[in-house]
Every structure is written in structure tokens, then in C-alpha cells.
Amino acid sequence: MKIKGLDIYGYGKIIDKSFKIEHDFVQVFGENEAGKSTMMSFIHSILFGFPRRNEGEPRREPRLGNAYGGRLIVQFVDEVGPVTIERIKGNKSAGDVRITMADGTERSEDWLKRKLNYIDKEMYRSIFSFDVLGLQDINKNLTEKDLQDYLLRAGALGSNKYEDMLNAINTKLDELYKRNGTKPDINVKIDSISNMTEKIAELESYEETYESLVSEKHKIIESIERKRHSVNSTKQQLKNKMKEIMYHPEIKEWQSLANKIDVEPALFPEKGIERYEALKNHLTTGQKDKLLRQEKLEALIREENRVVLPEEDTLNYLERLSKEEPNIKHELLELERLQSEVATIEEKIHRSMNDIGWQEEHLDVDDSNIVRENVQSLLSRHDEIEMESEFYNNSIAQLKDEIKETDKKLESFSDSQISNQRIRAKLEVQDLEHELKEKERVYHLIEDKYFEEEKKREARNKTQGTVIISMSVILMLIGLSFIFISNQNIYGIIFIVVGLLSLLLLKLNKTEEEDDHLKDEYEQDLEKLKQQIKEKKEAHDLNFDYYDAREMMNEVDRHTNKKLSDEIKLESLEEKRSILDSTNDQLKRDLARVKEKLYVSDELENAQIVDTIYTIRNIKQMRRNVDELNTRIEAIDSNITQFSNSVREEVSKYGIDFHINSIFFETNKLLEKLLKDKSTYHNLREQINLFENEIDVIDNRNYVAEKEMKELFKYVGADDEDEYYYYGRMFTEFKENEARFKELNNKLTEENFDLERRQQLSEFNTADLRDEETALNTIIENYENDIDEETTMLAKIEQDIKHLEKNGQLSVLRHQYELEKNSIETSAVDYMSLMYIKTLIEAHIKAIKDKRLPIVVEEARKIFEYITKERYIDVMYEDNIIKVKHSNGQIFDPSEISQSTKELLYIALRISLIKALKNYYNLPIIIDDAFVHFDQTRTRTILDYFKKQSEEHQVLFFTCNLEKSIPSTNTIVLQDSKNRR
């Protein structure tokens, strides 16, 4: 299956976008948050369904109400045209899917599952998706065994589903049963049923005195309850009695205070003592304050008489004159600054004129922007021509050097160059030598075959000769026997002749075989070829390498062509340089005319003309500034002269000599003295008034205090201070008793002591109450002793009853025994079922590893050798262990190689697994920035391998680092939504 296009209606941040995929290897480039992960998730969702809400993966539903979903245009190998897979939001969480074929017919979702060979999303990601997190998992402090398992899973299973199933089954088996365990379910049930068996054996013979013991038990229980009720009632009485004893002192005190406050209280003002003492202290302090203020007042009056108050007109004039100081000083400073600035500007004008070579000012020179821009245009064009001319000069010099270098190389080649005739002869000799070599190899094969056949033939002939000679001898002996013994000469001669003919035929056959020639037509051809090679070598000097000669000829042709090309370029560059020189001369004449109009020297550099124009502008501006400053100087000097004439006569009245630099100092000094005298006089007058007012206030306060003291004495009817204090003590004692009475009354009320009970308890002594407490304790102790005795009897009876009731538990225990036995049988069935499933899964994993892993590892060896650039030349698998072999011959465990090499090994196994599963799953490979931490060389090597394999499996490479080695036609660029127009 290959993806030909994507139409995204709405998925995450991608809204209404279409992408065409016209190649088998496509790079999808986008910066962070551009939508790469969203597009990958979209492909998974269209093929396998939207993520469910209980899954950890986000659903990426659009937030603005757009349509949720889209479609993929894919091409299956066994289908005629493209197939459209569309999935949108529907009733199911996975969405509604519609498959449309090229002819317009539709297929169901089951058809799509069959096409994908029932692979799910998780398995697709674990086999066909590469991401940086999957590669980083291989470096998470794995042990050697964990690393081997990780690599074997990558090469054999592609995912850890089977391991997860085995782990879940092992966990469930441990929960059901362990050989020596105590907590598993079956172990607990076995222990329980063993205990039940023991109890059932004990409980079978007790049922005799049960009812009588039960009756006696109820009687004792009723007696205990009655006595406990009496104990509780007596304890409540004891509690109340203890409470009365505890509060008896307060009750006695309450009764005493009630008798004391049952009289009419004395009259006394509120806080009378404090008020009287405060008034008394106030009078004493007031008299002292009055004496002190009178003494201070007399001193202030004496000091006031010594101070002279200045006239207001004098102060007003001097203040007005002092206010003029900032303005006059500012004008003096401004006059000095302006004069200095004029001198500075004149100096700048003089330096600027010297810089441009002016002996006098030419203020009528045209320094407009038109002139400046014209000069800048001429200078810019002049600089461009100079740069171009320099470029052409450098290029011409470089071309001349290259031509000289080419001529030298051609001269060196001419000495060692070989003619075409010798080269053709060398080529013919090489062909003949190759033909000779091949024919000699064929001849040796034929010769070996001939000698083998010859040996077989000699052995066969030897056997045949021995048989024939034996038969001939036998025939001749028979003939001789006929002649000499039987006197039958005819038969004897016949046998002898037949024996001799056999020997003759044997001799003739041997002669023919010895006449075979070993040198056949192959030997003649070999000799002919050797002769031709020898003639060629004698006719031509072939003591050179053919390929070096051909390379030299090509080098001569290349240098000859380069020389012609360089000569043509040189003529063109020299022509362009002459045109630039003429243009440059005209520009120099134009610049000379500009210098003449500016009244500057011809020796001035052209690059300084623009600066000269700015200098002329600056001179004109500075001259205008000097004129303006001189006008301001004249105005300020006039104001200062007018001020001096008006002030000189006025200040002489106050004894001040006028000088423009010291007038304000003398004025401020005199003004400060007069203001100080005025301020001193007014301060003394204010203090005198203040002390007079304070004395009046003190007299008034003393009078009010004396009046309040008389009113306090009058209120209580006291004649003197001692009698007043006596009435105060009486009033305070009454108030304290009243407050304590209220406190005790509230406390006793809270403890539920009414007036009648208080009066009764106040008549008793504490000793009487303690005697009653002792009597109640004795009653309670007697009751509790009786209860303890009856409780002991009850416990003994209940023990006997329980012992007798054991017989009643027999049927219950038997019933529980059967239930537990059935439960164990059910758990045992579950345990055996899980063991059977575990055995099947382990057998399946073993079969996959035994059949698939050798194939995967063999293919992984080629891939690993390619992507490591032959630094590692082999991947070996034996006894469930993977090892790699370095090009230097050393063999390493995966845990011993570097991090990046482990990742390359993992990638090689994954790719090999994909190739091994091609007949089952032919799906696109998705790479999600999996190689970001590889160096550029390794990244390009891996990508080159994926490009070569993309004809078998389409590859979609998602990355945030644009790989420039991939053509733009194979690249899709994703734009972030904020950059959209």
C-alpha cells in the first residue's frame, strides 16, 4: 500500500488542507508546532480509527466547529486504481469510515481490515514507525539480557504484545497458586479446608446439659443488671455529694456576703478619690507653672526694648533689588557664553576653510542636494567602474596564468604522449592475451578430461588384453592338444589360427590407440595466438599501461579545450575593460569640473567631494549662527548698562558703593540684617503674648479645680480631707462585696444550686458532708463485689455453653467444606487454562524466533554493514544471543558497542523485519525525526538506504531539520497556522 494524497477536513490545528504525495520517498518538513505530529496521527486515525476518549492519545478535534476527519488516497498492489478511505466523526468514537474504489463502488470497514491483514494501530507503530523515543529506549540503562530481549523483539516480533500477555498470565498464575506460597488464592483455600477438616473431626459428641445452663445464665444476667442499675444510681448520688463538698466553701461565703450587702449603701461620687487627688495635684502644678511663666515674661519684655524695627519701604526696595540678581547674573553669564561661542565658531570656520583649501569665504557656492546627489551618483558610478575594472584585471591575470599553466602541462604531455596506433595495438594485444588466457583455461580442462579418459581406457584395454591373451593361449593349447594328442590336425590348426588372430587383433588395436595425437586444434589455436601476440609486440613498443595512455589522451584533449575556452574569455574581458576605462576617464573629467565650481584644489581626492559639500554647508550655517549671536550680545549689553544707571543712585542712600559684580552681595547682606531684626522683634512680641495668655489660662484652671473640690466635699457631706477619705473607703468595701456576691451567685446558679439548697447547705459543716460521702462509697463497693462474683459464675456457665454449642457448628462446617472444595476446583481449572495459554504463546514465540529470526538476522547483516559503511561486517545469531562483528575481526555483544551503533543495529533489525513481513504487510514506513541526534554522515547514509528501499515500502520522513540532499520535488513544507495568510 502507498499513500498518494491526504485531504484533511479538520484535524487538530490543520484545517482544510490537501497534500499530494507523488513519490515513494517524501520528506515532510516543518518547524516545531507546524503540524507534523498532527499529520502522522491523522494517517493513523484514518487507517485505524480515531483515538477513543479513554486512551492516552489526544483526539485532536477542531476547536472552531470544523468538520472532524478527512480522507486518504492510497494505492493497493492488487487493485486497479487508487482507493479513497474517508473517515469522519460519527456515532462511534472511532468515527464513520467509507471506502470508495476507483470505479465508484464502495467497500465496508471489514474489507479495509482484511486489506491491512488485521494489523492494529499499536502494532503498526511498533513495526513501521520510527521515532526518537523508540531509539532512546535502547539506551535506558538496560542490562545485557534486557538489551538482547529488546533487539530480539525488534527482529522477531516487532512489538511487546506477546511479552505483555505472558507477564499478565504469570502475574495471574502467581495470584492463583505458588508451590510454597501462603497468600495465593488456592494456597489460602487449601489451608482453610485443612482447618475445617480438623474441626469437623472434633465436633461430633456434645449435647446434654445445654438448656439448664442457659436458664441459669439468664437468671444471673438479670441479677447483674439490677445491681448495676443500683450502682449507677448510687454513683450519681455520690457525684452530687462530691459536688456539694467541693462548692461548700463558696456557699458559706455567699451566705455571709448576702448578710453584709443587705443594708443601704453609702453615697459617694464615682471615682471620687481619683478625681479629688487629680484636682489636688493640678492646683499644686498650676501654681508652679504660673511663677515660671511670669519670670520668663519679664525677661522677654526687657529684650524687646533693645530691638529696632526697620522701615517697610527700605525692606521692599532691597527685596525688589535682590530679586533682580538671577536675571542680571544670567545675562552676564549668557553674555560671556555667547562671546565664547562666537570665538569658538570663528575658529571652526577657519579650520573648515583650511580643510577644504579656501583662503576666503565663498558663501555663494551652490551646495544644494541636487549637486550633492549628482556628485554621489558620479562617485558611485566611479567606484563601480573601479571595482569592475579591478575584477576584470584580476580575471584577466588569472586567465593568463591558467593559459600559461595549461601550456606547460601540454608541453609536459607532449614528451610522454603515446600515439593512437600504439594504443590500438596495445588494445588488440590485451584482447588477444585475454582470449589466449581463456583458451588455455579451456584447453587445460579438456586435457584433464582427456587424461582421465585415457587412464580409464588403458585399464579397460589391459583387462581386455589379459582376457584375449588368456583365451588365445587356451585356444592354442586346445589346438596343440588336438594335433598331438588326438591327431586331429584340422581342428588343431583352426584353434591355433583363431588364437593367433586374437593376438594379432589385440596388437592392431593397441597400435591404433597409440597413434592418437594430444595436440589437436586447440593447441594449434594457442600457438597461433601466441605468435600473433609476439608479432604485435615486436612491431610496436607496447611497454606502457593502456588505461594510463587513454587517461593521458583524455587529459590532453581536456587541457586543449580549456586553453581555447580561456583565450576566448580573455579577449572578451579585455574588450570590456577598455570600455570601462573610457567611461572612467569621462567620470574623472566631470568630477574635476565639480571641484572647480566648489573653489577647491584639483588635488582633492574624489571621495572627499561630498564631505567638502557638507563642509561648505557647515561654514554657511556657522556664519549665520555668528551673526545671530552678535545680535543677542548687543541686546544683553544694552540691558546691563540700563540696569547699572538706574541702581547706582538708589543704593548710595544706604551706604553701598555700586559695582555690577558686588552690588547684589552688599544688598543681600543689608537685607538679611534688616529682616533678622524684624523677625527677632516679631518673635519676641509673639512669645510675650503667648506667655500672657498662658498665665490667664492657668489662673482660670486653678479656679475651676478649687470649685470642683468644694463640690466633692459637699456631695458626701465631708468637712475636711480625712472625713472625705473615710467615706471613700466605706463605699469601696461595699462595691467589692457586691461584686463578689454576684460572682458567687452566677457560679452557683451555673452549677444548679437553687436558693433553698444553698441555705440548707450553709447550715451544715463540711465534716457532715464527708461522712455521707463515705457511706455512699461503701454501698457502691458492696454492690460491685456482688457483681464480680456473679460475673465469674456467668463466665464459667457461658464457657460450658460454648463447649456444648460446638455440635451445632458441625453442619455449617460441612457445608463450608463443600463450598471451599468447589471453589478450589474452579480455581484449579482457571490455573490449568492459563498454563495452557502460556504454553501456546511460548511455543508460538519460539516458532517465530526459530523460523523468522535467522532470515531477519541474515538480511539485517547486509543492512547493518551498509549503514555503518562496512565498519561492522556481520550480525550473528546463536542460542538466542545476537552479536556483531567489526571489520577488524573482533566480535562484540550489543551492550559493548556505542550508543549510536546500538541504535543503528536496532534500525537494521526493524528494517529487516519489515522486509521479512512484506508478504503479510506492505505498508508505508513513517519516520518521526528518529535521527536527530545522529551526525550528518550517518543520517544521510540511513536516508539513502531508505530511498533505495522506497520502491518496496513507501517512506514518509517527518523532520524539523530540512535535509537539503533530498530534492524539493520530494519535500512537503508545513507552515505554522500563525504564518498563514
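Residues numbered from 1 in each chain as written. Predicted model: local features only at pLDDT ≥ 70, side-chain atom pairs only at ≥ 80, totals over all residues. Heavy atoms only, no water.

(A) The overall build of the chain, seen in detail. Of the regular secondary structure elements, the chain holds 24 helices and 14 strands. The buried share of the chain, reckoned over its 981 residues, is 34%. Sequence separation of 24 or more characterises 76% of the internal contacts of the chain that already satisfy a separation of 6 or more. A total accessible area of about 62400 Å² is found for the chain, and carbon and sulfur atoms account for 49% of it. (Helix = DSSP H or I, 4+ residues; strand = E, 2+ residues; numbered from the N terminus. Buried < 20%, exposed > 50% of the residue type's maximum accessible area, 1.4 Å probe, protein only. Contact = heavy atoms within 4.5 Å. Areas by Shrake-Rupley, 256 points an atom, 1.4 Å probe, with all protein chains shown as cover.)

(B) Spatial organisation of the sheet that holds strand 3 (residues 25–29). Strands sit in the order 8-12-13-3-14 across an open sheet of five strands; the sheet is parallel. Among the strands making up the open sheet, the edge pair consists of strand 8 (129–131) and strand 14 (971–973). Between one strand axis and the next, the sheet turns through 15 degrees on average, direction left out of account. With five bridges connecting them, strand 3 and strand 13 (residues 955–959) associate as parallel partners. What sits directly across from Phe-25, in strand 13, is Val-955. In the packing of helix 3 (residues 121–128) onto the sheet, the strands contacted are strand 8 and strand 12 (925–928), and the crossing angle to strand 8 comes to about 65 degrees. Where helix 24 (residues 936–949) meets the sheet, it contacts strand 3, strand 8, strand 12 and strand 13, and its direction lies at approximately 135 degrees from that of strand 3. (Pairing = 2+ DSSP bridges. Axes fitted to C-alpha atoms, helices over the stretch in contact; angles between N-to-C directions.)

(C) Geometry of the packing of aromatic side chains. Taken as a whole and judged by the stated rule, the model has seven aromatic pairs. Between Tyr-866 and Tyr-945, the aromatic rings sit 5.6 Å apart at their centres with planes inclined by 50 degrees, giving tilted as the arrangement. Here Tyr-866, found in helix 22 (residues 810–867), pairs with Tyr-945, found in helix 24; they are 79 residues apart in sequence, far enough to count as distant. Residue classification places Tyr-945 among the buried positions, given a relative accessible area of 7%. Through successive ring pairs, a cluster of aromatic residues spans Tyr-11, Phe-42, Phe-50 and Tyr-68. The residue whose ring lies beneath Lys-115 is Phe-76, and the NZ or CZ to ring-centre distance is 5.4 Å. (Phe/Tyr/Trp six-rings, centres within 6.5 Å; stacked < 30°, edge-to-face > 60°. Lys NZ or Arg CZ within 6 Å of the ring centre and 35° of its normal.)

(D) Looking closely at the side chain of Lys-121. Here Lys-121 lies in helix 3. Of note is the side chain of Lys-121, whose polar atom sits 3.3 Å from the backbone oxygen of Gly-49. Residues contacting Lys-121, with those up to four places away along its chain left out, are His-44, Phe-48, Gly-49, Phe-50, Pro-51 and Glu-57. (Polar contact = N/O pair within 3.5 Å; in protein donor to acceptor, adjacent residues only side chain to side chain.)

(E) Quick look at the sheet that holds strand 7 (residues 106–107). In space, the six strands of this open sheet follow the order 2-1-4-5-6-7, with antiparallel pairing throughout. The open sheet is flanked by strand 2 (14–20) and strand 7, the only strands paired with a single partner. Across two bridges, the pairing between strand 6 (residues 96–100) and strand 7 is antiparallel. From the neighbouring strand, Ile-99 faces strand 7, where its bridge partner is Arg-107. The strands touched by helix 1 (residues 36–48) within the sheet are strand 1 (2–11), strand 2, strand 4 (69–75) and strand 5 (83–88), with strand 1 carrying the most contacts at an inclination of about 100 degrees.

(F) Spatial organisation of a negative patch on the surface. There is a patch of like negative charges on the surface, built from Asp-383, Glu-386, Glu-390, Asp-581 and Asp-585. At the level of secondary structure, the elements contributing two or more residues to the negative patch comprise helix 12 (369–416) and helix 16 (546–597). A per-element tally of the negative patch places helix 12 first, with three residues. The topology assignment puts Glu-386 in helix 12. With a relative accessible area of 33%, Glu-386 lands in the partly exposed category. (Patch = residues over 30% accessible without salt bridge, like charges linked within 9 Å, V, L, I, M, F, W, Y side chains within 5 Å. Salt bridge = Lys/Arg side-chain N within 4 Å of Asp/Glu carboxyl O. Lys, Arg positive; Asp, Glu negative; His and termini not counted. Charge placed at Lys NZ, Arg CZ, Asp CG, Glu CD.)

(G) How the structure looks around the environment of Val-74. By the secondary structure assignment, Val-74 is in strand 4. Along the primary structure Val-74 and Thr-84 are separated by 10 residues, whereas in three dimensions their C-alpha atoms are 6.4 Å apart. If we ignore the near neighbours within four places in the chain, the residues touching Val-74 are Met-1, Lys-2, Ile-3, Lys-4, Pro-82, Val-83 and Ile-85.

(H) Expanded view of the environment of Ser-481. Structurally, the position occupied by Ser-481 is in helix 13 (residues 420–485). Separated by 14 residues in sequence, Ser-481 and Phe-495 have C-alpha atoms that sit 9.9 Å apart.

(I) Quick peek at the packing of helix 10 (residues 312–323) against helix 18 (residues 663–716). Orientation of helix 10 relative to helix 18, taken along the N-to-C sense of each, is 140 degrees, at an axis distance of 10 Å. Comparing their axes, helix 18 and helix 10 come out oblique. For the pair helix 10 and helix 18, the sense of crossing is left-handed. Contacts from Glu-312, Thr-314, Leu-315, Leu-318, Glu-319, Leu-321 and Ser-322 of helix 10 reach helix 18 at Phe-664, Thr-667, Asn-668, Leu-670, Leu-671, Leu-674, Leu-675 and Lys-678. For the contact of helix 10 with helix 18, the residue count by class is eight nonpolar, four polar and three charged. (Parallel < 35°, antiparallel > 145°, perpendicular 65-115°, else oblique. Left-handed = near helix turned anticlockwise from the far one by under 90°. Nonpolar A, V, L, I, M, F, W, Y, C, P; charged D, E, K, R; others polar.)

(J) Focus on a nonpolar patch on the surface. A cluster of nonpolar side chains, Ile-469, Val-473, Leu-477, Leu-480, Phe-484, Ile-485, Leu-500 and Leu-503, forms an exposed patch at the surface whose accessible area comes to about 770 Å². Sorting the residues of the nonpolar patch by element identifies helix 13 and helix 14 (489–514) as the ones contributing at least two each. No other element matches the six residues that helix 13 contributes to the nonpolar patch. For Leu-503, the location among the structural elements is in helix 14.

(K) Spatial organisation of empty space enclosed by the protein. Summed over all chains, the structure comprises one cavity of 30 Å³ or more. The computed volume of the largest cavity comes to approximately 60 Å³. Lining the largest cavity, in full, are Ile-911, Ile-914, Lys-915, Ile-925, Phe-946, Gln-949, Glu-952, His-953 and Val-955. If you tally residues by element for the lining of the largest cavity, the top one is helix 23 (residues 899–916), at three residues. Of the residues contributing to the lining of the largest cavity, the split by class is five nonpolar, two polar and two charged. (1 Å grid on protein atoms, 1.4 Å probe; cavity = no way out; pocket = protein on both sides within 12 Å on 5 of 7 lines; lining within 4 Å. Points joined across faces, edges and corners; volume = space filled by probe spheres on them.)

(L) Structural view of the pairing of strand 2. Pairing geometry for strand 1 and strand 2, over six bridges, is antiparallel. Residue Gly-5 lies in a different strand from strand 2, and its bridge partner there is Lys-20. Hairpin connection of strand 1 to strand 2: two residues between the antiparallel strands, including Gly-12 at a positive phi of 65 degrees.

(M) Highlighting the packing of helix 23 against helix 24. At a closest axis distance of 13 Å, the pairing of helix 23 and helix 24 adopts a crossing angle of 5 degrees. By the angle between their directions, the pair helix 23 and helix 24 is classed as roughly parallel. Of helix 24, the residues touching helix 23 (which contributes Ser-900, Thr-901, Leu-904, Ile-907, Ile-911 and Lys-915) are Arg-938, Ile-942, Tyr-945, Phe-946 and Gln-949. Looking at the contact of helix 23 with helix 24 residue by residue, the class counts come to six nonpolar, three polar and two charged.

(N) Representation of the environment of Asp-78. Within the element layout of this structure, Asp-78 appears in the loop between strand 4 and strand 5. At a separation of 2.6 Å, a polar atom in the side chain of Asp-78 contacts the side chain of Lys-115.

(O) Geometry of the pattern of salt bridges. This structure, assessed with the given rule, holds 22 salt bridges. Put simply, Lys-235 and Glu-784 hold a salt bridge, and the shortest N to O gap is 3.5 Å. Of this pair, Lys-235 sits in helix 8 (residues 210–260) while Glu-784 sits in helix 21 (residues 766–805); the two residues are 549 residues apart in sequence, bridging distant segments of the chain. A residue is classified by how much of its surface remains accessible, and Lys-235, at 39% relative accessible area, is partly exposed. A salt bridge links Arg-940 to Glu-963, with the shortest nitrogen-to-oxygen separation between them at 2.8 Å. A residue pair is termed long-range when its members are at least 10 positions apart, and Arg-940 in helix 24 and Glu-963 in the loop between strand 13 and strand 14 qualify at 23 residues. Judged by relative accessible area, which is 33%, Arg-940 ranks as partly exposed. Taken together, the shared-partner salt bridges connect Glu-334, Arg-337, Glu-341 and Arg-632 into one network.

(P) Main features of the side chain of Arg-87. Assignment of secondary structure puts Arg-87 in strand 5. In terms of polar contacts, Arg-87 uses its side chain to reach the backbone carbonyl oxygen of Ile-46, at 3.1 Å.

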